[in-house]
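Understanding the architecture of this molecule
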Amino acid sequence: MNLLPHVVNGVALGVLFGLLALGFMLIVGVMEVINLAHGSLFALGAYLAMEIISPRWLGAAGEGFLALPLALRYGLALVLAPLLVGVLGMGLERAVRRTYGKKAEYGLLLTFGAALVLEEAIRIVWGPGEQNLPVPDSVNGGFVVGDLIYSRYRFFAAALGIVLMALVWVFLERTPYGARVKAGAHDSEMVRALGINISRLRVFVFAFGAALAAIAGIILTPIWGLRPHVGVDAVIPAFLIIVLGGVGSFWGAVIAGQLVGITVGITGGFAAEWSMMSMYLLLIFVLTFRARGLLGKKSALEA
Amino acid sequence: MNNHQVTRGMQFTGAVVLSIALLAGASCKKSSSGGDGAKPPIVIGITADASGQYAASGDSDRRGVLMAIAEFNAKGGVLGRPIKWVHLDTETTPATGSRVAERLIKQDKVAFLVGAMSSGVANAISQVAQKYGVIYLNTNSSSPSESGENCHRVKFVWDGNGNNFAQASVKGAIGKFGKKWLLITNDYGWGHDTSNGTRKLVTKNGGTIVGEILVPQGTRDFSATLLKIQQYSPDVVAAAVGGDDLKAMRAQVGQMKLGSKYAWINNQQDWPDVYGLPRTDLFGVFGTTWYHGFDLPGVKEFVARYQKENADSKIKTPGNVFYNGYWATRSLLEAVEKAKTTNNVAVIKELEQWKIPAKDRMQDHDAYMNPKDHQLQQTVYLASANLDSTNPDDLFKIVSNTAPGEVEDKDSEAKCKLEAYEATPAYEP
């Protein structure tokens, strides 16, 4: 009986981890760029959402907006902030474009530089201290199951995560545009030869990945707290999950998110001091037996 | 989507590039004061965190140090020498702390080192400082080990420590809330030292420790911890969790409204960590050494000075971290003036006898340096969230104040073995 609450908690946590890795997975899978700015885009999404929910900078003009219910403003932020970050993602893709076809280090350095710039910009605009991203009262508080209280917001966030993952899956697997994205990841030269504008496709994918990072930020920062360097907390598990799941694999990211969530949840309950380390041990364990990750494609290095 | 060219080689390269970039970044994050005086300046090396877990507090710490320096420069410096400063980011990382301290001493030729938030970083810096004989002020790290087993002749500790706060709170809390205590401990030096102090006091006062949950540094998800707390069902939860970990825990406790379900005894809450947060996140009783809302002489003027000189800060009122940075630096410079020299042993001897009247320090009781462990003994306050106010700056309600003599940390004093004066290298910048 003591185990079950931690497993349930781990499953919910796993969905959030999966959501965190989704945008990262998309950009790596299609663009072959490890986007180290993923964490900063995650943080920026949350900060922009905070500004949309409470636009104090509007002064008296914003009072009418502030009178609207928080749930409405939150919903609006959940749409607008990712769009804004998506536009920024398009700009970032323009910069990254120069590194296509070159060694991977160029893309890495560029996105790492972008991450530093973004984090510093956040610090300048919003200060180094802790901020608060408010969530509607209807999803705040706890609910009782047996003798235990669970966070209502956490399960709301997990449900939202499942919906988003389903939408991404439908987009990739059931739409012509998704088919182009996948084809672009498989063989970009062939896709170009077939008359599809691969450059535009890449801009779209980068923007989409950035927007997903922003959504993850909006959903997760009410749990983790919001500060300029919160992106560092996001980028490391996101990277770990895509490597564990197999780089570029949608289902790999989802399954790896679940595995990490359940592992962290159970160790958190029974050997809390190992809870952070457990995800890295899991990674070592899986990669020892399956170097390409759970659902990664076999590489030329493997026999 | 499964076909791609990202290999483990690329991932490894990524990690290497990241490490190099971080190192390069650290070495570039330097700022300093300019200008030349007629006499050679006294240079203070500021070792406050500008990134990492304690970045926000490090910023406040640095501002406090700078305000004290500005005050002395306005009246002509110290011993007729202008005071300059160099700041390097210690990144809340002990290894960086050591490197930064070495560089400040050997390359920038600083006279003193000032600044700390993390006990690990402070310990690393002080080992380097002791090697060269450079006086180091640990302004804001509150681990008992800093004035205990990790004490040094050159190091002076200016914050109240975990044992001071525990002594101020444990006895009263057992009587008021109950005997079943659960410890939540950040799994590093400060957390363990603080929880061990609490454990001893709880046991001594007839309470029982029903369990201890260790929280690794960097934890962002506390759901498993919160479930365990409920499974233990304690009367009191004593949390020794700091920095960003505390912020994440607080947000999650507030979200589940568990703050009112148990009696929470939190250790010190640093002002930069709570500033701007909703009051619901500020649950339980917690410690502090200073609050801008004190009705004591000099407080209003101090706040006004802070606001004038820190108009660019997002934190509109000074807190305990700023206060400690300011007072540590001010006391050091006053000690140099009194010693009439920058010779390290002479200044150390002054600081070991340092006393600050309550009216100057804007606290309820006089403060004094303990010469046996180099920790400043000062008034310890307990506070809770001020739910009667909506003013974003008026966050605390002071519950009690305890005179320094009643909360002395005898355990740390017993563990502290200061190096002999003769064993400390002479240093006269």
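Bear in mind the structure is a predicted one, so any value in this text is a computation, not a measurement. (Residues numbered from 1 in each chain as written. Chains lettered and ligands numbered in written order. Predicted model: local features only at pLDDT ≥ 70, side-chain atom pairs only at ≥ 80, totals over all residues.)

Focus: the overall build of chain A
- A count of helices and strands for chain A gives 12 helices and two strands.
- The order of helices and strands in chain A, counted from the N terminus, is α-α-α-α-α-β-β-α-α-α-α-α-α-α.
- Computed over the C-alpha atoms, the radius of gyration of chain A is 20 Å, within 12% of the 19 Å expected from 2.2 N^0.38 for a compact globule of 303 residues.
- Dimensions along the principal axes, computed over C-alpha positions, put chain A at roughly 55 × 55 × 35 Å.
- Taking all 303 residues of chain A together, the buried fraction comes to 52%.
- Within chain A, counting contacts between residues at least 6 apart in sequence, those at least 24 apart form 76% of the total. (Helix = DSSP H or I, 4+ residues; strand = E, 2+ residues; numbered from the N terminus. Rg over C-alpha atoms; globule rule 2.2 N^0.38 Å. Buried ≥ 20, exposed ≤ 12 C-beta atoms within 10 Å, placed from the backbone. Contact = placed C-beta atoms within 7 Å.)

Side note on the overall build of chain B
- Along the backbone of chain B there are 14 helices and 16 strands.
- Here the C-alpha radius of gyration of chain B, 22 Å, is about what a compact globule of 429 residues would show, namely 22 Å.
- For the C-alpha atoms alone, the extent of chain B along its principal axes is close to 70 × 65 × 45 Å.
- Counting every position in chain B, which comprises 429 residues, the buried fraction comes to 59%.
- Taking the contacts inside chain B whose residues are at least 6 apart along the sequence as the reference set, 73% of them involve residues at least 24 apart.

Let's talk about the pairing of strand 7 (residues 180-186) of chain B
Residue and element names in this part refer to chain B.
- Of all seven residues in strand 7, six are buried, a share of seventy percent or more.
- As paired elements, strand 7 and strand 8 (residues 208-215) share seven bridges and run parallel to each other. Bridge pairing in strand 8 links Ile184 to Ile213.
- As paired elements, strand 7 and strand 9 (residues 236-240) share five bridges and run parallel to each other. The residue of strand 9 that forms the bridge with Trp181 is Val236. (Pairing = 2+ DSSP bridges.)

Here we look at the packing of helix 2 (residues 38-53) of chain A against helix 10 (residues 230-245) of chain A
All names here are of chain A.
- Put simply, helix 2 and helix 10 touch, their axes get as near as 7 Å, and they point 130° apart. Taken together, the axes of helix 2 and helix 10 lie oblique to each other. Relative to helix 10, helix 2 is oriented so that their crossing is right-handed. Across from His38, Gly39, Ser40, Phe42 and Ala43 in helix 2, the residues of helix 10 making contact are Val230, Gly231, Val232, Ala234, Val235 and Ala238.
- Of the residues contributing to the contact of helix 2 with helix 10, the split by class is seven nonpolar, four polar and no charged. (Axes fitted to C-alpha atoms, helices over the stretch in contact; angles between N-to-C directions. Parallel < 35°, antiparallel > 145°, perpendicular 65-115°, else oblique. Left-handed = near helix turned anticlockwise from the far one by under 90°. Nonpolar A, V, L, I, M, F, W, Y, C, P; charged D, E, K, R; others polar.)

Let's talk about the sheet that holds strand 13 (residues 367-369) of chain B
Residue and element names in this part refer to chain B.
- Strands sit in the order 12-13-14 across an open sheet of three strands; the sheet is antiparallel. This sheet does not close on itself; its edge strands, each paired only once, are strand 12 (355-356) and strand 14 (376-377).
- Examined bridge by bridge, strand 12 and strand 13 share two bridges and lie antiparallel to one another. Looking at strand 13, one finds that Lys355 is bridged to Tyr368.

Things to note about the nonpolar core
- Core analysis: the biggest nonpolar cluster contains 213 residues, and Ala214 and Ile242 of chain A together with Ile44 of chain B have the highest contact counts within it.
- When near neighbours in sequence (up to four residues on either side) are disregarded, Ile242 of chain A contacts Ala21, Phe24, Met25, Val28, Val247 and Ala253 of chain A. (Core = buried A, V, L, I, M, F, W, Y, C linked by C-beta atoms within 7 Å.)

Concerning helix 5 (residues 104-126) of chain A
All names here are of chain A.
- In a regular helix each residue adds 1.5 Å, so 23 residues correspond to 33 Å; helix 5 covers 33 Å between its end C-alpha atoms and thus fits that length.
- Looking only at helix 5, the buried set comprises Ala104, Gly107, Leu108, Leu110, Thr111, Phe112, Ala114, Ala115, Leu118, Glu119, Ile122 and Arg123.
- Where helix 5 ends, the next residue or the one after it, Gly127, has phi of about 85°, a positive value. (Expected span 1.5 Å × (residues − 1).)

Topic: helix 2 (residues 55-74) of chain B
- With 20 residues, helix 2 of chain B extends 28 Å between its outermost C-alpha atoms, agreeing within 8% with the 28 Å of an ideal straight helix rising 1.5 Å per residue.
- After helix 2 of chain B finishes, the residue Gly76 of chain B shows a positive phi value of roughly 100°.

Things to note about the environment of Phe156 of chain B
Residues and elements named next belong to chain B.
- Tracing the sequence through the fold places Phe156 in strand 6 (residues 155-157).
- Note on Phe156: 30 C-beta atoms within 10 Å, which makes it buried.
- Each C-alpha atom, one on Phe156 and one on Asn370, is 9.5 Å from the other, the two residues being 214 residues apart in sequence.
- Once you skip the residues sitting within four places of it in the chain, Phe156 turns out to touch Leu137, Asn138, Leu351, Met369 and His374.

Topic: the sheet that holds strand 9 of chain B
Residue and element names in this part refer to chain B.
- One open sheet holds the seven strands; their spatial order is 8-7-9-10-11-15-16, and the pairing between them is mixed. Two strands in the sheet have a free side with no partner beyond their single neighbour: strand 8 and strand 16 (396-402). This sheet shows a mean twist of 25° between the axes of neighbouring strands, independent of strand direction.

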